Amino acid sequence: MEVAESPRFIVDHNVGKLAKWLRMMGYDTLFFSGDNDSRMLALAQKENRVILTKDTQIMRRRLVTKGQIKALLIENDKPELQMHQVITTLNLDPQFRPFSICLECNQPLRERSQTQVKDLVPPYVFQTQSQYMECPACHRIYWRGTHWQAMTRKLAGFMNNLTEE
Ligand SMILES: [Zn+2]
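Residues numbered from 1 in each chain as written. Predicted model: local features only at pLDDT ≥ 70, side-chain atom pairs only at ≥ 80, totals over all residues. Heavy atoms only, no water.

Moving on to the environment of Lys-66. You can see Lys-66 is positioned in the loop between α4 (62–65) and β4 (71–73). Separated by 65 residues in the primary sequence, Lys-66 and Met-1 have C-alpha atoms spaced 14 Å apart. (Helix = DSSP H or I, 4+ residues; strand = E, 2+ residues; numbered from the N terminus.)

As structure tokens, this is what we get:
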């Protein structure tokens, strides 16, 4: 499927786990929790977002069949395999813009200096990390710690041997 160079997404609630992974890769991704398919389609069209869903009804909508809205039907139940399908079908780059979007609220993160976060992070983090990012919405502080590294490794794994867990 052909998508923009920096595609943006709407993740339907039935494949909600995809949102965090896409944000981790740096893709602007909305999570749609409602049941109103028409609202999701309107939002996708207005903001030029690719819909990711398990709902075959969406795929039959005229705007989708005519190609005015791009939508990808997710086939698998396992999030790992869902990610593999999205990455390979849309030719996404797992290293697109890592560490750039809040995993919780999809806001672009802002750089913070070590001194700015001194009182906001645990002392052992402050001592070992020099690069920090902050979400302007929820004020969560991000750093490239062990959790982040584990997620990055998992992301890379989506591209490789998927049976190895
Ligand atoms: Zn946030």
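With that settled, the discussion passes to the environment of Ala-19. Examined against the element boundaries, Ala-19 turns out to sit in helix α1 (residues 18–25). Taking the C-alpha atoms as reference points, Ala-19 and Leu-30, separated by eleven residues in sequence, lie 7.1 Å from one another. Apart from the residues within four sequence positions on either side, Ala-19 is in contact with Val-11, Thr-29 and Phe-31. (Contact = heavy atoms within 4.5 Å.)

Let's shift gears to the packing of aromatic side chains. For the coordinates displayed, the defined rule picks out five aromatic pairs. Ring geometry for Tyr-142 against Trp-148: centres 6.2 Å apart, planes inclined by 80 degrees, an arrangement best described as edge-to-face. For the pair Tyr-142 and Trp-148, a shared accessibility class is recorded, and that class is buried. Grouped by ring-pair contacts, the aromatic residues Phe-9, Tyr-27 and Phe-96 constitute a single cluster. (Phe/Tyr/Trp six-rings, centres within 6.5 Å; stacked < 30°, edge-to-face > 60°. Buried < 20%, exposed > 50% of the residue type's maximum accessible area, 1.4 Å probe, protein only.)

Turning next to the pattern of salt bridges. With the rule as written, the count across this model stands at seven salt bridges. With its nearest N and O atoms 2.9 Å apart, the salt bridge here joins Asp-28 to Arg-49. Placement of Asp-28 in the loop between α1 and β2 (29–32) and of Arg-49 in strand β3 (residues 49–53) is noted, with a sequence separation of 21 residues between them. Asp-28 gets classed as partly exposed once you look at its relative accessible area, which sits at 22%. In this structure Arg-49 comes out as buried when scored by relative accessible area, which is 5%. Each of Arg-8, Asp-28, Glu-47 and Arg-49 takes part in one network of salt bridges that share partners. (Salt bridge = Lys/Arg side-chain N within 4 Å of Asp/Glu carboxyl O.)

Attention shifts here to the sheet that holds strand β1 (residues 8–12). Taken in spatial order, the four strands line up as β2-β1-β3-β4 in an open sheet, and their pairing is parallel. Two strands close off the open sheet at either side, each with one partner strand: β2 and β4. Across the sheet, the axes of successive neighbouring strands diverge by a mean angle of 20 degrees, strand direction being ignored. When β3 meets β4, the two strands line up parallel, connected through three bridges. For Ile-51, the partnering residue across the bridge sits in β4 and is Ala-71. (Pairing = 2+ DSSP bridges. Axes fitted to C-alpha atoms, helices over the stretch in contact; angles between N-to-C directions.)

Next up on the list: the sheet that holds strand β7 (residues 141–143). Taken in spatial order, the three strands make up an open sheet running β5-β6-β7, and their pairing is antiparallel. Looking at which strands have only one partner, the edges of the open sheet turn out to be β5 (110–112) and β7. Sheet twist, expressed as the mean angle between neighbouring strand axes with direction ignored, is 40 degrees. In this structure, β5 lies alongside strand β6 (residues 132–134), joined through three bridges in antiparallel fashion. Directly across from Arg-110, in β6, lies its bridge partner Glu-134.

Only Cys-102 (SG), Cys-105 (SG), Cys-135 (SG) and Cys-138 (SG) from the protein coordinate the zinc ion, and they sit 2.1 to 2.3 Å from it. Bound by four donor atoms, the zinc ion shows angles of 104 to 120 degrees at the metal and therefore tetrahedral coordination geometry. (Donors = N, O, S within 2.8 Å, 3.2 Å for Na, K, Ca; no water. Tetrahedral: all angles 85-135°; square planar, octahedral: opposite > 155°, others 65-115°.)

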